[in-house]
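# Understanding the architecture of this molecule
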Amino acid sequence: MHVDLQEIMLSEQQIKAKVQELGQRISQDYRGESVVLIGILKGSVIFLADLVRCISVPVVFDFMAVSSYGSGTQSSGVVRVLKDLDHSITGKHVLIVEDIVDTGLTLNYLINNLKSRGAASLKVCTLLDKPERRKVNIQIDYHGFSIPDQFVVGYGLDFNSNYRNFPYIAVLKPAVYQN
Ligand code: IMP
């Protein structure tokens, strides 16, 4: 294990099983339809890549990039769109794919932004959820794991752009971000 990590919270096998379960539920719920998955860059990329391979209905995917964190571990509450969708979602069934919902400020902004574009439906899928830290109430339709209030990295999640490539999700040593 990398020297900056405190412990592994979710193993590769646990994540794989959960992603398969989520993919099956999504496939059942959207049976007979097609769905637009919107990945939120960059954290959701690895989750989205694994999730789409567990979905059996027709899927297209698109990406948005927003910034809510600077380089630290606290949400600023200010959301900026850095990259918008490439295609219109009017009349489409849309599923937002997030890596983690923490305060919920980012997702709240995204839901309101996407709602105004005339999608046929809009749902949310997140791999991780830190319910203790929530500042705004959000409906999460597909939910992987609830985790305690600890800063985690791996499987797409980063600190200062590092650690995204770890195949598991691990707690970062507080000394790494307190310095
Ligand atoms: P929120 O707006 O506070 O819900 O923040 C959501 C975003 O913060 C996520 O998409 C992540 O990019 C980032 N984030 C929140 N908690 C963590 C964490 O424990 N590790 C890495 N990134 C996190």
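Here, the structure is the one placed above.
Here we summarise the structure given alongside this text.

Thresholds applied
Residues numbered from 1 in each chain as written. Predicted model: local features only at pLDDT ≥ 70, side-chain atom pairs only at ≥ 80, totals over all residues. Heavy atoms only, no water. Helix = DSSP H or I, 4+ residues; strand = E, 2+ residues; numbered from the N terminus. Contact = heavy atoms within 4.5 Å. Expected span 1.5 Å × (residues − 1). Buried < 20%, exposed > 50% of the residue type's maximum accessible area, 1.4 Å probe, protein only. Axes fitted to C-alpha atoms, helices over the stretch in contact; angles between N-to-C directions. Parallel < 35°, antiparallel > 145°, perpendicular 65-115°, else oblique. Left-handed = near helix turned anticlockwise from the far one by under 90°. Nonpolar A, V, L, I, M, F, W, Y, C, P; charged D, E, K, R; others polar. Near = heavy atom within 4 Å. Polar contact = N/O pair within 3.5 Å; in protein donor to acceptor, adjacent residues only side chain to side chain. Areas by Shrake-Rupley, 256 points an atom, 1.4 Å probe, with all protein chains shown as cover.

On to the environment of H93, then. Here H93 shows up in strand β5 (residues 93-101). As a C-alpha pair, H93 and V36 span 57 residues in sequence and 6.1 Å in three-dimensional space. Not counting residues up to four positions away in its chain, the partners in contact with H93 are Y30, E33, S34, V35, V36, A120 and S121.

Let us now look at helix α1 (residues 12-29). Taking 1.5 Å per residue, 18 residues should reach 26 Å; α1 reaches 26 Å between its end C-alpha atoms and fits that length. Considered for burial, the residues of α1 that qualify are I15, K18, V19, L22, G23, I26 and S27. At its buried positions, α1 is contacted by β1 (5-10), α2 (45-52), β5, β6 (121-129), β7 (142-146) and β9 (169-172).

Attention now moves to the packing of α1 against α2. Remark: α1 packs on α2, axes separated minimally by 9 Å, with the N-to-C direction vectors making an angle of 60 degrees. Taken together, the axes of α1 and α2 lie oblique to each other. Between α1 and α2 lies a crossing whose hand is right-handed. Taking contact as the criterion, the partners of V19, L22, G23 and I26 in α1 are, on α2, F47, D50 and L51. By residue class, the composition of the contact of α1 with α2 is five nonpolar, one polar and one charged.

Inspection of the region around the ligand gives 17 residues, with T103, G104, T106, K130 and V152 positioned closest. At 2.9 Å, a side-chain N or O of D99 approaches an oxygen atom of the ligand. A distance of 2.9 Å separates an oxygen atom of the ligand from a polar atom in the backbone of D102. For the ligand, the accessible surface in isolation is 490 Å², of which the surrounding protein chains cover 91%. Of all elements in the fold, only β5 and α3 (105-115) reach the threshold of two or more residues within the shell around the ligand. Here the element with the most residues in the shell around the ligand is β5; it accounts for four residues. Looking at the shell around the ligand, its residues break down into seven nonpolar, five polar and five charged.

Keep in mind that these numbers describe shape and distance, not what the molecule does.
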